[in-house]
Amino acid sequence: MNQSDLPPLRDVINRHGLFATKALGQNFLFDEQLLDRIAAIPGKLKGQDVLEVGPGPGGLTRALLRAGANVTAIEMDKRCLPALAELAEAFPGQLTVIEGDATKIDPTTLFAGPYHIVANLPYNVGTALFTGWLSGESWPPQWASLTLMFQLEVAHRIIATPADPSAFGRLAVLAQWRSAAKLAMKVHRSAFTPPPKVMSAIVHVTPADMPQGVSARMLERVTEAAFGQRRKMLRQSLKGLPGALAALETLGIDPQRRAETLSVDEFVSIARELSGG
């Protein structure tokens, strides 16, 4: 099979007897033009390494391969493997399929150099994978960009600022303190089969400079404590974190404020103080 012989995605789904399963958080996209637009968000991918999580029957995979990317796709649904094998045959040398659970695979072991992550993430593991890719003391990361589809509500939480206190939280701080995050595209629920109950959106994230003197793990601990009890004042939510209340006093941050009123820079300052930086 070559590229010109590839049948439409709907035909692939029907021929292989595939259907989206709620247990795996699956929703399939068939619109080729929409998929090409998503694949274009990271920029030119010709000859670039790309990690895709949860390719399913391979809709987005096709778009990435058409863009010239070398794709490593991690898929745990055995039903989808024959359809992906056909794609590998149609794009010789461009597609490697790994059967497994992406939450248990370290992507840095899959690539020798920089790579992009582009994925219509399964809804049930998307946030956990995202925060995992953002964590760690080593920075900049090996990934060059993240282009990820989330529920629209989650996307808003990633790009939120204190001006939107209902959305601003730990996810925004982790995404913005050493990265640039933007909402690249909204995707209507009707674009999926089956249609999810909510709208979706593509978030694009690129690494930025990491502030000096800050431990990533300390920032995670500060945000976990502060937003774990977000309705409480900082003097209550941070009292269990050794040195945190003293850090607030040193930095002149009112302990009667609540977590959602602090800026990303203020969280970084607290973490720096507690990191000994």
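Residues numbered from 1 in each chain as written. Predicted model: local features only at pLDDT ≥ 70, side-chain atom pairs only at ≥ 80, totals over all residues. Heavy atoms only, no water.

Asker: Quick rundown of the environment of Val198? Include the residues and the values.
Answerer: Secondary-structure assignment places Val198 in the loop between strand S8 (192-193) and strand S9 (200-207). Residues Val198 and Ala184, spaced 14 residues apart in sequence, show a C-alpha to C-alpha distance of 17 Å. (Helix = DSSP H or I, 4+ residues; strand = E, 2+ residues; numbered from the N terminus.)

Asker: Before we move on, could you go through the packing of helix H8 (residues 216-228) against helix H11 (residues 264-275) and cite the residues and values that matter?
Answerer: At a closest axis distance of 9 Å, the pairing of H8 and H11 adopts a crossing angle of 120°. As far as their axial angle goes, H11 and H8 are oblique. The handedness of the crossing between H8 and H11 is right-handed. Residue-level inspection shows Met218, Leu219, Val222, Thr223, Ala226 and Phe227 of H8 in contact with H11, the latter providing Phe267, Val268, Ile270, Ala271, Leu274 and Ser275. Among the residues forming the contact of H8 with H11, the class breakdown is ten nonpolar, two polar and no charged. (Axes fitted to C-alpha atoms, helices over the stretch in contact; angles between N-to-C directions. Parallel < 35°, antiparallel > 145°, perpendicular 65-115°, else oblique. Left-handed = near helix turned anticlockwise from the far one by under 90°. Contact = heavy atoms within 4.5 Å. Nonpolar A, V, L, I, M, F, W, Y, C, P; charged D, E, K, R; others polar.)

Asker: I'd like a description of the nonpolar core, backed by residues and values.
Answerer: Formed by 57 residues in total, the largest nonpolar core has its most connected members in Phe130, Trp133, Trp143, Leu146, Leu148 and Phe267. Those residues in contact with Trp143 that lie beyond four places of it in its chain are Tyr115, Ile117, Trp133, Leu134, Ser179, Val205, Thr206 and Pro207. One finds Ile13, Phe28, Leu84 and Ala90 within the second-largest nonpolar core, a separate group that totals 30 residues. (Core = buried A, V, L, I, M, F, W, Y, C linked by side-chain atoms within 4.5 Å. Buried < 20%, exposed > 50% of the residue type's maximum accessible area, 1.4 Å probe, protein only.)

Asker: Which residues make up the side chain of His116, and what are the values?
Answerer: Topologically, His116 is positioned in strand S5 (residues 115-120). Reaching out from His116, the side chain makes a polar contact with the side chain of Gln48 at a distance of 3.5 Å. (Polar contact = N/O pair within 3.5 Å; in protein donor to acceptor, adjacent residues only side chain to side chain.)

Asker: Tell me about the packing of aromatic side chains, residues and numbers included.
Answerer: The geometry of an aromatic ring pair comes down to the distance between the two centres and the angle between the two planes. One pass over the structure, following the stated rule, counts five aromatic pairs. Taken together, a centroid distance of 5.3 Å and an interplanar angle of 70° make the contact between Phe130 and Phe150 edge-to-face. Taken together, the residues span a long stretch of sequence, with Phe130 in helix H5 (residues 126-134) and Phe150 in strand S6 (residues 143-151) at a distance of 20 residues. With a centroid separation of 5.9 Å and an interplanar angle of 85°, the aromatic rings of Trp139 and Trp143 are classed as edge-to-face. Residue Trp139 shares its accessibility class with Trp143, and that shared class is buried. Cluster of aromatic residues (ring-pair linked, three or more members): Phe168, Phe227 and Phe267. (Phe/Tyr/Trp six-rings, centres within 6.5 Å; stacked < 30°, edge-to-face > 60°.)

Asker: Which residues make up the pattern of salt bridges, and what are the values?
Answerer: Applying the stated rule across the entire model yields nine salt bridges. Note that Arg79 and Asp77 form a salt bridge whose closest N and O atoms lie 2.7 Å from each other. A relative accessible area of 6% places Asp77 in the buried class. Ionic pairing is found between Glu99 and Lys78, a salt bridge with its closest N-O pair at 2.3 Å. Of the two residues, Glu99 is situated in strand S4 (residues 95-99) and Lys78 in the loop between strand S3 (70-75) and helix H4 (81-90); the sequence distance between them amounts to 21 residues. It is possible to trace a salt-bridge network through shared partners that takes in Glu32, Asp36, Arg62 and Arg66. (Salt bridge = Lys/Arg side-chain N within 4 Å of Asp/Glu carboxyl O.)

Asker: With reference to specific residues and values, describe the sheet that holds S6.
Answerer: Strand order in this open sheet of seven strands is S4-S3-S2-S5-S6-S9-S7, and the pairing throughout is mixed. Both edges of this open sheet fall to S4 and strand S7 (179-187), since each of them pairs with a single strand only. Taken pair by pair, the neighbouring strands of this sheet meet at an average axis angle of 20°, ignoring direction. Examined bridge by bridge, S5 and S6 share six bridges and lie parallel to one another. (Pairing = 2+ DSSP bridges.)

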